[in-house]
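Read off the chains here:
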Amino acid sequence: MKYIDYVQLNPFQKMMYQLKNFFVAIPRGIASFFVFLGHKIASLVLGIGRGFKNYVLNFIHGDWSTKTSYLVMGTGCIAKGQIIKGIIFFILEVGYILFMTMFAWSYISKFASLGTIKTTFTPNPMTGLDEAKYGDNSMLILLYGVLTIIVTCIFLFVYLSNIKASVKLEALKKVGKKPNTFKEDLKELLDARYHITLLSVPTLLVGCFTILPLVFMILMAFTNFDSQHQPPATLFTWVGFKNFTDIFYQNPKYAMTFGSLIQWTLIWAVLATFTNYILGMIVALMINKKGIKFKGVFRTCFVMVIAVPQFVTLLLMAQMLSDSGVVNVALKEMGLITESVKFLTDPFLAKVTLVVVNIWIGIPYTILITSGILMNIPEDLYESARIDGASALVTFFKITLPYMLFVTTPQLITNFIGNINNFNIIFFLTGGGPLNNDLYNAGDTDLLVTWLYKLTVDKNDYSLAATIGIMVFVICATLSLVTFNMTKSAKNEEEFS
Amino acid sequence: MIKSYKLRRNISNGIIYAILTILSIIWLLPLVWIVMTSFRGEQQVYINYIIPKTWTFDNYVRLFTDTGIMNYPKWFMNTLIVSICTCVISTISVLMVSYTFSRLRFKSRKAIMNVGMILGMFPGFMTMIAVYYLLKAMNLTRSLVALIIVYSAAAALGYFISKGFFDTVPRALDEAATIDGATKNQIFWKIILPMSKPIVVYTVLTSFIAPWTDFILARIIMGDAIDQYTMAVGLWKMVDKDFIDRFFLQFCAGAVLVAIPITALFLKMQKFYVEGVTGGAVKG
Amino acid sequence: MFSKSKKVVGTVLAAVMIASAFAGCAPSGDSSSVASGSESAAPSATEIKAITIDEAMKDADVALGEEGKDSEVTLKVWAPSDAVDMFTKQCKAFTDNFKDRKISIEVVAQGEADAASALMNDPDAAADVFGFASDHASKLYPDKYVAKVRLNYAAAIKETNLQGAIDVATYKTETDDQPYMYSYPETGDNGYVMFYNKSLISAEEMGSMESIMKVCNDKDKNLVINMNNGFYSCIVPLTGEGTYSLDESRHQLLNYDYAKIGPVATAFSKLLANDSHYVNDDVDKVLASALKNETALAGVVGTWKTKAIKNALGDNYAACKLPTINVDGTDTQIKSMYGYKLVGINSKSKFPMTSQTLAYYLTSEACQKERITELGWGPSISTLVDSDAVKNDVALSAMYEQQKYSVPQTGLAGSFWDPTGAFGGYIVNKDKDLSDAGIKKAYDNMVENITAQ
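Residues numbered from 1 in each chain as written. Chains lettered and ligands numbered in written order. Predicted model: local features only at pLDDT ≥ 70, side-chain atom pairs only at ≥ 80, totals over all residues.

1. Focus: the overall build of chain A
Filter applied, for reference: A run of DSSP states H or I qualifies as a helix once it reaches four residues; a run of E qualifies as a strand once it reaches two. Both are numbered from the N-terminal end. Placing C-beta atoms from the backbone, we regard two residues as in contact once those atoms come within 7 Å.
A count of helices and strands for chain A gives 19 helices and 2 strands. Projecting the C-alpha coordinates of chain A onto the three principal axes gives extents of approximately 90 × 80 × 45 Å. Restricting the contact set of chain A to residue pairs at least 6 apart, pairs at least 24 apart contribute 65%.

2. Comments concerning the overall build of chain B
Heads up, the condition is: Each radius of gyration reported is based on C-alpha atoms, and the globular scaling rule is 2.2 Å times the count of residues to the power 0.38. Counts of 20 or more other C-beta atoms within 10 Å of a residue's own C-beta define buried residues, counts of 12 or fewer define exposed ones, and intermediate counts define partly exposed ones; C-beta atoms are placed from the backbone.
Helix and strand counts for chain B stand at 13 helices and 0 strands. Across chain B, helices and strands are ordered from the amino to the carboxyl terminus as α-α-α-α-α-α-α-α-α-α-α-α-α. In terms of overall dimensions, chain B is more spread out than a globule: its C-alpha atoms have a radius of gyration of 24 Å, far above the 19 Å expected for 284 residues. Overall, chain B is about 80 × 75 × 30 Å in size when its C-alpha atoms are taken along their principal axes. Split into buried and exposed, the 284 residues of chain B put 49% on the buried side.

3. Concerning the interface of chain A and chain B
Inclusion rule: For this scheme, ten residues count as nonpolar: Ala, Val, Leu, Ile, Met, Phe, Trp, Tyr, Cys and Pro. Four count as charged, namely Asp, Glu, Lys and Arg, and the remainder, Gly too, count as polar.
The interface of chain A with chain B comprises 79 residues on the first partner and 72 residues on the second. Take the side of chain A that touches chain B: its biggest share by element is 17 residues, from helix 8 (residues 194–220) of chain A. Considered class by class, the residues forming the side of chain A that touches chain B number 58 nonpolar, 18 polar and 3 charged.

4. So, the domain arrangement of chain B
Residue and element names in this part refer to chain B. Condition: The domain limits used here are those given by an automatic or database domain assignment.
Domain boundaries in chain B define domain 1 (2–58) and domain 2 (61–280). One C-alpha centre belongs to domain 1, the other to domain 2; they are set 32 Å apart. Listed as interface residues are 9 residues of domain 1 and, on the opposing side, 10 residues of domain 2. At 4 residues, the largest contribution of residues to the side of domain 1 that touches domain 2 is made by helix 1 (residues 2–38).

5. Some details on the confidence of the model for chain A
Residue and element names in this part refer to chain A. Test applied: Note: pLDDT gives the predictor's confidence per residue, expressed from 0 to 100.
Residues with a pLDDT of 70 or more make up 94% of chain A, whose mean pLDDT is 86. The secondary-structure element of chain A with the lowest mean pLDDT is helix 1 (residues 3–8), recorded at 68, while helix 5 (residues 83–108) shows the highest, at 93. In this model, residues 489–497 is a region of pLDDT below 50 whose contacts with residues beyond four sequence positions or in other chains number 9 contacts.

6. Digging into helix 10 (residues 197–213) of chain B
Residues spaced three or four apart along an α-helix point in a common direction, a consequence of the helix completing one turn every 3.6 residues. Put simply, the test is: Helix span is expected to be 1.5 Å times the residue number reduced by one.
Across its 17 residues, helix 10 of chain B extends 25 Å between first and last C-alpha, which sits within 8% of the 24 Å expected from 1.5 Å per residue. Buried within helix 10 of chain B are the following residues: Pro198, Ile199, Tyr202, Thr203, Leu205, Ser207, Phe208, Pro211, Trp212 and Thr213 of chain B.

7. Overview of the interface of chain C and chain A
Listed as interface residues are 36 residues of chain C and, on the opposing side, 25 residues of chain A. Mapped onto the side of chain C that touches chain A, the elements with two or more residues apiece are helix 1 (6–22), helix 13 (283–293), helix 20 (417–427) and helix 21 (436–451) of chain C. Considering every element that reaches the side of chain C that touches chain A, the biggest residue donor is helix 20 of chain C, with 6 residues. Partitioning the side of chain C that touches chain A into residue classes produces 15 nonpolar, 15 polar and 6 charged.

8. Observations concerning unusual backbone geometry
Excluding glycine, residues mostly have negative phi values, and the peptide bonds linking residues are mostly trans. Residue and element names in this part refer to chain A. With omega at 5°, the peptide bond leading from Pro231 into Pro232 counts as cis. Looking at the element boundaries, Pro232 is found in the loop between helix 8 and helix 9 (242–250). One non-glycine residue, Phe294, adopts positive backbone phi at about 55°. Inspection of the secondary structure puts Phe294 in the loop between helix 10 (252–288) and helix 11 (295–307). Of the residues examined, Phe294 has 14 C-beta atoms within 10 Å and is grouped as partly exposed.

9. A closer look at the confidence of the model for chain B
Detailed reading of the predicted coordinates is not advisable wherever pLDDT is low. When pLDDT is averaged across chain B, the result is 87; 97% of the residues are at 70 or more. Prediction confidence for the complex, expressed as pTM and ipTM, is 0.86 and 0.88 respectively.

10. Here's the deal with the domain arrangement of chain A
Often the size quoted for an interface is simply the accessible area lost on bringing the parts together. Residues and elements named next belong to chain A. The assigned domain composition of chain A is domain 1 (17–60), domain 2 (62–240) and domain 3 (249–490). The partner domain 3 presents 10 residues to the 10 residues of domain 2 that form the contact. Counted by class, the side of domain 2 that touches domain 3 contains 5 nonpolar, 4 polar and 1 charged residues.

11. Some points on the pairing of strand 1 (residues 120–123) of chain A
Residues and elements named next belong to chain A. Stated precisely, the cut-off is as follows: Between any two strands, at least two bridges found by DSSP are needed for them to pair.
Sheet analysis places strand 1 next to strand 2 (residues 130–133), joined by 4 bridges and oriented antiparallel. If you follow Thr120 over to strand 2, its bridge partner there is Lys133. The hairpin formed by strand 1 and strand 2 contains 6 residues between the paired strands, and Gly128 there has a positive phi angle of roughly 85°.

12. What to know about the pairing of strand 3 (residues 129–133) of chain C
Residues and elements named next belong to chain C. The buried count for strand 3 comes to 5 of 5 residues, which makes it a mostly enclosed element. Here strand 3 shows a buried face lined by Val129, Gly131 and Ala133 and a second buried face lined by Phe130 and Phe132. Pairing of strand 1 (residues 73–79) with strand 3 involves 2 bridges; the strand directions are parallel. Opposite Trp78, over in strand 3, you have Phe130 as the bridge partner.

13. Remarks on the packing of helix 10 of chain A against helix 14 (residues 347–376) of chain A
Residue and element names in this part refer to chain A. Which entries qualify depends on this criterion: Each axis is a line fitted through C-alpha atoms, taken for helices only over the stretch in contact, and angles between the N-to-C directions span 0 to 180 degrees. For classification, angles of less than 35 degrees are called roughly parallel, those exceeding 145 degrees roughly antiparallel, those between 65 and 115 degrees roughly perpendicular, and all remaining angles oblique. Definitions for this section: a left-handed crossing has its near helix turned counterclockwise from the far helix by less than a right angle. A right-handed crossing has that turn clockwise.
Between helix 10 and helix 14, the shortest axis-to-axis distance is 6 Å and the interhelical angle comes to 50°. Regarding the angle of helix 10 to helix 14, the classification is oblique. Of the two elements, helix 10 crosses helix 14, and the hand of that crossing is right-handed.

14. What about the sheet that holds strand 7 (residues 192–197) of chain C?
Pairing between the strands of a sheet is mediated by backbone hydrogen bonds and can be parallel or antiparallel. Residues and elements named next belong to chain C. With mixed pairing, 5 strands are arranged side by side in an open sheet as 11-8-12-7-13. Both outer strands of the open sheet, strand 11 (278–279) and strand 13 (317–320), are each paired with one neighbouring strand and no more. Judged from the 5 bridges that link them, strand 7 and strand 12 (residues 296–302) form a sheet pairing that is antiparallel. Bridged to Phe195 within strand 12 is Gly299.

15. Notes on the packing of helix 13 of chain C against helix 14 (residues 306–313) of chain C
Helix-helix packing is described using two parameters, namely the angle between the two axes and the distance between the axes. All names here are of chain C. Interhelical geometry of helix 13 versus helix 14 gives an angle of 15° and a closest axis separation of 8 Å. In terms of their interaxial angle, helix 13 and helix 14 are classed as roughly parallel. Crossing hand, helix 13 versus helix 14: right-handed. Contacts between helix 13 and helix 14 involve Leu287, Ala288, Leu291 and Lys292 from the former and Ala308, Ile309, Ala312 and Leu313 from the latter. Partitioned by chemical class, the residues of the contact of helix 13 with helix 14 number 7 nonpolar, no polar and 1 charged.

Structure (structure tokens):
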């Protein structure tokens, strides 16, 4: 269906159309994901096979310096004139060997068991006091094990490019060309291979502080690192998928908590995203309406809220909405209530409060972002609607909303995922409370992420927390996969350039 | 006919004015309340009336003089230092990454972009324990350097919006420059960047504000080193139940003082913020 | 006898220290050879001689070993925010006492409630000497996050402190041959009492919940008790004669009997749930304000808030033990949880000797006495408990009065608190099903959550 056909449908048809699309897309999205995954795996396997074949062939056909490069990196380059490059390769090899022997080996060798030597305390016969002999630290073994694996992968890549470089130089020599000097290589980094220059530092940082910790945490979901197994005093070890089966069915309390928190997380994300989106747009429309003066003043009033750091506004709101807070005091003075309204401690009311406060925080963003786009909606669309005698409400739902949805879907998805992970508002306002004994270490307003936080910080239940983190990821990834498949903007990226 | 149309328009405009005014008041009231409280003379945390009975400037004075436990001026400087460093590093990093993905074509481009997107979908603080121990291994915990590194390291993953912006800059410009013999390095610095003021300002603004608002990471990294706290952790500590009886009014004063520079900055820069977001994000 | 052989003892001790240092292990503790004078170099545990704090303070070699002679000793102490100044002062007195040693001590604000988890998160970055509440003992002792108390200090402490305080400080880990002391008793008052405004309600009226609520309704003032927090709401199961303990793998065991606890829960529920003058709120944050505003006339809160509440109430400040509540026609005294604050030594401390003696000093009679008057902290030393300083302090005397009706705060797992808090919140929430069946179900839920593995 083209956009122009779509606009002509009535709101109900539109909704049905969207819904249909959504549900039709789910299986297709999931199916295409697996097909995609299958292709990738297949090509990966093939690639490895081909790479290995080349690896062996290059050794057989290579000259002596290429052959020595297989053992002593950089010799191929040095022998063929690229001295600095060769030295760099050599230094990297030496560095890697030092890294492995001096540091990594003691960790990676215990990776399979995560440590076996327990920490022991022996009382000193002289004094009666304990002397600690610290054994293996499972957590450090896991962390540095992951580090070693990543470093090894990088080294493998360098190693292969060392061989590749030597083979390439050999080929160049055969056709009688001169190899690049080091200076020329550097120059290339500013032009043809500029992406390497630009990406290297950010990739290194992301690798260190995002990928490495993430892999570590993902692996943690397959261990029993909980409050009973706290290094360095006690060891933890691999337990396979136990944590996953626990939260799905094995442990009824976990499963129950997980289920009800998923429900609330999704409800929250939908409510928080769409109330902000629609209400924000309506306010933006009002501010931008022709003939309304003081646009700047109104906009500034709202924008102030964005500018004040969010934790300040949230701590403030928590204070104001508490049982003895100013809101209750004001309501009492006005004579509307005699008993404090439990904005933050009544299970249902707390949820409502969260959504309302979220509106207070979120609408200004929507106003800022949508104002510009709203101005771009072709005026003649409104003109013709007005001539047809359509009311403001009808024009909003018939023209404005579809147009905006069409343009801002990616933004909407980002917001939705942001709300699934919206930690701050819950943590500062209700802290997940009120407590609920039907749930395991969670309250009525806890989202999956705040539960994750509580399990980590209060309960030291790291493995369970990691499992939940992975589940949150799965939810977010599925949702964005499905919706991105539906929208064209992801596919037609090149069109804009 | 015309008259009734005008009348109707006036009425509807009047309603809109009324709604907007009420909404503006609702949106501003909490801010007014905190300013009011920061000048309150009565010492207790909660009062059972709305307007304070005594007014004082003491809360602000104490913020800067009573620094034995809660060293507000130090926190302010800490946050400022972290903000400025983070802002410089992450702006450069984000622009470099987004330019690469937008303009340069190389073999694993799509794959790397996908990895970036996938990483963004894990709950951010899931990694905090590992990050803590990495920093500890580098002997950097409880230091501002740690915060700067971690904030800037994560920044590169936020390339999405500025990539969107770069995508809108016409490719013909690059091609013309390439024909004139410019390298990609020169194109980036001399042609694309000068044209991208909105997104540069947007990135600077968002990465400058981030350290003022992040709470969890700073809290974990800083532990008990109260002198190294950033604004967010420090102010949160002030209303912790151990401290609230002593520091609540100072908290209000402190919050007002934090909000003023950021609000001023933001109001001044909001044009760029909007251009950045609408230029980059919306188009995706 | 001791002063005579002091010099000799000191030399021997130093020699032992050096010997053990050469043998490759750090001089990690005390030497009981002190007891046996100069001849015997192989003492046994039975010969431990108590060293009083005065003796320790007089002899740097006994107290500190070699620490601080050649290089500087730097210690970090965690103290709650209110007490930072006091601890700084007392630590200064400690360093001044050992003028010939280089010791610098930094006192950092860290609430006792979070100290244990902060230590466990990163022992290397944690304080050397820190205060913690006795309920965290079960987290800290078994895995030896805290070091044993020097044996000859422990011998002296056992003679002077309250038995309850010694009990929560003592533990037998898997590797120990007998129970040892793992921390220094610091206070004997980690509990809560009823604070009230004596211009609004009399001491007799404070005797029972029913009369308090009547006065509240007559005068249109509130009573504040935080039933959402397990630390406070455990009064319900405890009044119903519940007790608790830990099994060997540190899971919570409950000795609860619903036949006794059920009626207590129902009594609380009937009395409070529908009364708009009962406020269930975070007392630690609101009680001082509420008493100052006179919106509330009384409230239950821990004695660590004494200072704030004294400031709020001024001349009308008063405190008493918890009241009785009418359960099925009999007035039953409300029982509470009663804990101690302890000072632990980080087992990873680089300066164990100095840390031990500092902790010993900070928990000594002189320091405890100073804290009674300055901070209102109740002592753990028996002679001080009966002193005038305590008797003159309303909150403390109420505290020690309530102690008779309380269960020690030990043998608790982390899983105890939240479910107990949720149950407390449930029974006073009028929107919940407060029928007998409803309360029973909430109770079962609580027990299940606490004891869940």
